[in-house]
Amino acid sequence: MREYLLAMTVALAVTLLLGGPVRALAIRLGLVPEIRERDAHKTPTPRVGGLAMFVGLAAALTAAEHFPMLERNVYGQSSTIQALLWGAFLVVVLGMVDDKFELDPLTKFAGQIFAASVMVVKGIQISWLVIPGIGIVAVDPTLSIVLSVFLVLALMNAVNFVDGLDGLAAGITCIAGLASFAYCYRLAISYKLTGATAPALISIVTVGICLGFLAHNWSPARMFMGDTGSMLLGMLLAASSITIMGGIDPYQLGTEINETVNQTSSVHKLVPAYLPLIMPVSVTLLPIADMVMAVVRRTKAGMSPLAADKGHLHHRMLQIGHSPRRAVLIMYFWSLLVAFVTVLFAVTPSRQPIVYLAIGMTLVGLVLLLGPRLGDHRDRLRDKALRVGSPPTARHRAGAGGNGSEVDASQGSTVQAAIPAIAKSTENAADGTDIADPDGGLRRRTLSR
């Protein structure tokens, strides 16, 4: 655990310390994009924070190579870290070009495919799957590359889509990294699986760079991560998930938990074995859901699935009355709920209390989510009560003694009676006495001397 914490600390410190210089460099070089229609902020802000995050990532992974346990179980057994750094470097270059020149969606997507393919070909691949009802299935090399690239693209764009409010993408990715680390650390410590060490390292370093960047990105943000950072974080989440499925021997896992791995029965017992299929979805459920809804929404409108709009989850939360900070905290809550309930369900023997906890926290989340609407309903009830109990006006008091016809009939006599009173008001206006109202009532008027 100490080596993991040291790697996280290096990532956090480097990202935090480089945030200021990177921001100053971006302003000096004119890398401050104009505010777009879909943006929630009102002040032009540098959008290259992903550069500081990449340097923090590289520094932490380089330092971790000198830690005995990590050097033995990660760097000495595979080329996972080198493949990750190559892919991350290409993504950062693509992101900086996009943040500066606003690439069209197809060009940007082609660059994402290239960066993901380089990382996958260099060694970060899905090698097996556990399919319910079938069992453990080895993946064909060609299919492995296709599935791995698809997962990387999905998570990169999911994090990119959700990056719309101060601290939102970094916080959700931090939560996802913590959940992934908890799961991988459980496999490495409880089941003695050294293959879980690499994804655990990637996850904890992701947490470090997110925490370091949040110091600059929390509302009101002084710097945004841009596509440089959002695509980098998505790639890190994908790399962590893929290395779980590529570095853990499912037969060894079955032996460690005293279960026989066969075609069908083990699928229902080896929860840790097929949880890697669920983890990428569970820890990034909100970004993935937002991405799917955006693709459906834009396709129905005849737009490109990669075109930008203002229909994301965070935009809708602002529209129903949440403040930006409240919207971010609520989305943190939902990410924590889904990610850690999934992990607890997998690693805890007694699962019934976890189900009750999940139900209770879901109800709390619904109350938080509907807060502005509940407040609007409460305001409407209060306004209605005030209208019902409001005092009648002078005109209502004048007509309170009879019906409408009586008021019409007496209108002439009322005017006739008001004329002497109006004439008399000229004599005592200076004294501030009661004077006649043209409608027939009396009102108080004080003239300045």
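Here's what I pulled together on the structure shown here. Here the structure is a predicted model, which means the values were calculated and not measured.

### What about helix H5 (residues 105-121)?
Two residues of an α-helix separated by three or four positions point the same way, owing to the 3.6 residues in each turn. Across its 17 residues, H5 extends 24 Å between first and last C-alpha, which sits within 8% of the 24 Å expected from 1.5 Å per residue. For H5, the full list of buried residues reads Lys 108, Gly 111, Gln 112, Ala 115, Ala 116, Val 118, Met 119 and Val 120. Backbone geometry just after H5 places Gly 123 at a positive phi near 140°.

### What about the packing of aromatic side chains?
If you walk through the whole model with that rule in mind, you get six aromatic pairs. Each ring, one from Tyr 4 and one from Phe 181, has its centre 5.3 Å from the other, and the planes form 75°; the classification is edge-to-face. Of the two residues, Tyr 4 is situated in helix H1 (residues 2-28) and Phe 181 in helix H7 (residues 168-190); the sequence distance between them amounts to 177 residues. Neither Tyr 4 nor Phe 181 differs from the other in exposure class; each is buried. Each ring, one from Tyr 4 and one from Tyr 185, has its centre 6.0 Å from the other, and the planes form 80°; the classification is edge-to-face. Of the two residues, Tyr 4 sits in helix H1 while Tyr 185 sits in helix H7, which places them 181 residues apart along the sequence. Every member of this aromatic cluster is reached through a ring pair, and the members are Tyr 4, Phe 181 and Tyr 185.

### What about the pattern of salt bridges?
Taken as a whole and assessed by the stated rule, the structure comprises two salt bridges. One salt bridge in this structure joins Asp 98 and Lys 108, with 3.6 Å as the shortest N-O distance. With a gap of 10 residues between them, Asp 98 in helix H4 (residues 80-101) and Lys 108 in helix H5 connect regions that are remote in the sequence. When its relative accessible area of 14% is taken as the criterion, Lys 108 is described as buried. The closest approach of N and O atoms between Asp 227 and Lys 108, which form a salt bridge, is 2.7 Å.

### Re the packing of helix H6 (residues 141-162) against helix H13 (residues 285-300)
Across the interface, H6 lies against H13 with an axial gap of 8 Å and an inter-helix angle of 85°. Comparing the axis directions of H6 and H13 gives the class roughly perpendicular. Residues Ala 154, Leu 155, Asn 157, Ala 158, Val 159, Phe 161 and Val 162 of H6 form the contact with H13, whose participating residues are Pro 287, Ile 288, Asp 290, Met 291, Ala 294 and Arg 298. For the contact of H6 with H13, the per-class residue count stands at 10 nonpolar, one polar and two charged.

### Some words on a nonpolar patch on the surface
Nonpolar side chains collect at one region of the surface, where Trp 86, Phe 89, Val 93, Val 97 and Phe 101 lie side by side and expose about 490 Å² of accessible area between them. Relative to the assigned elements, Phe 101 resides in helix H4.

### Considerations on H7
In this model, H7 (23 residues) spans 33 Å end to end at C-alpha, consistent with the 33 Å of a helix rising 1.5 Å per residue. Most of H7 sits inside the fold, with 17 of its 23 residues counted as buried. Once H7 finishes, Lys 192 follows within two positions and takes phi at roughly 60°, a positive value.

### Re the environment of Arg 186
Counting through the fold element by element, Arg 186 comes out in helix H7. Exposure remark for Arg 186: the relative accessible area of 31% places this residue in the partly exposed category. Placed 157 residues apart in sequence, Arg 186 and Val 343 show a C-alpha to C-alpha distance of 9.7 Å.

### Some remarks on the nonpolar core
Among the nonpolar cores identified, the biggest contains 105 residues, and Leu 57, Leu 201, Val 205 and Leu 232 are the most heavily contacted of them. Residues within four places of Leu 201 in sequence aside, it is in contact with Tyr 4, Ala 7, Leu 61, Ala 64, Leu 70, Val 74, Tyr 75 and Ile 81.

### Quick word on the packing of helix H3 (residues 68-75) against helix H8 (residues 197-217)
Here H3 crosses H8 at 120°, and the two axes come no closer than 9 Å. In terms of their interaxial angle, H3 and H8 are classed as oblique. In this structure, H3 contributes Met 69, Leu 70, Asn 73, Val 74 and Tyr 75 to the contact, and H8 contributes Thr 197, Ala 198 and Leu 201.

### Examining unusual backbone geometry
In this structure, Pro 220 follows Ser 219 across a cis peptide bond, with omega equal to -5°. Along the polypeptide, Pro 220 turns up in the loop between H8 and helix H9 (226-247). The phi dihedral of Glu 102 falls on the positive side, at around 55°, and the residue is not glycine. Here Glu 102 lies in the loop between H4 and H5. The exposure class of Glu 102 is partly exposed, given its relative accessible area of 42%.

Definitions and limits used
Residues numbered from 1 in each chain as written. Predicted model: local features only at pLDDT ≥ 70, side-chain atom pairs only at ≥ 80, totals over all residues. Heavy atoms only, no water. Helix = DSSP H or I, 4+ residues; strand = E, 2+ residues; numbered from the N terminus. Expected span 1.5 Å × (residues − 1). Buried < 20%, exposed > 50% of the residue type's maximum accessible area, 1.4 Å probe, protein only. Phe/Tyr/Trp six-rings, centres within 6.5 Å; stacked < 30°, edge-to-face > 60°. Salt bridge = Lys/Arg side-chain N within 4 Å of Asp/Glu carboxyl O. Axes fitted to C-alpha atoms, helices over the stretch in contact; angles between N-to-C directions. Parallel < 35°, antiparallel > 145°, perpendicular 65-115°, else oblique. Contact = heavy atoms within 4.5 Å. Nonpolar A, V, L, I, M, F, W, Y, C, P; charged D, E, K, R; others polar. Patch = residues over 30% accessible without salt bridge, like charges linked within 9 Å, V, L, I, M, F, W, Y side chains within 5 Å. Areas by Shrake-Rupley, 256 points an atom, 1.4 Å probe, with all protein chains shown as cover. Core = buried A, V, L, I, M, F, W, Y, C linked by side-chain atoms within 4.5 Å.

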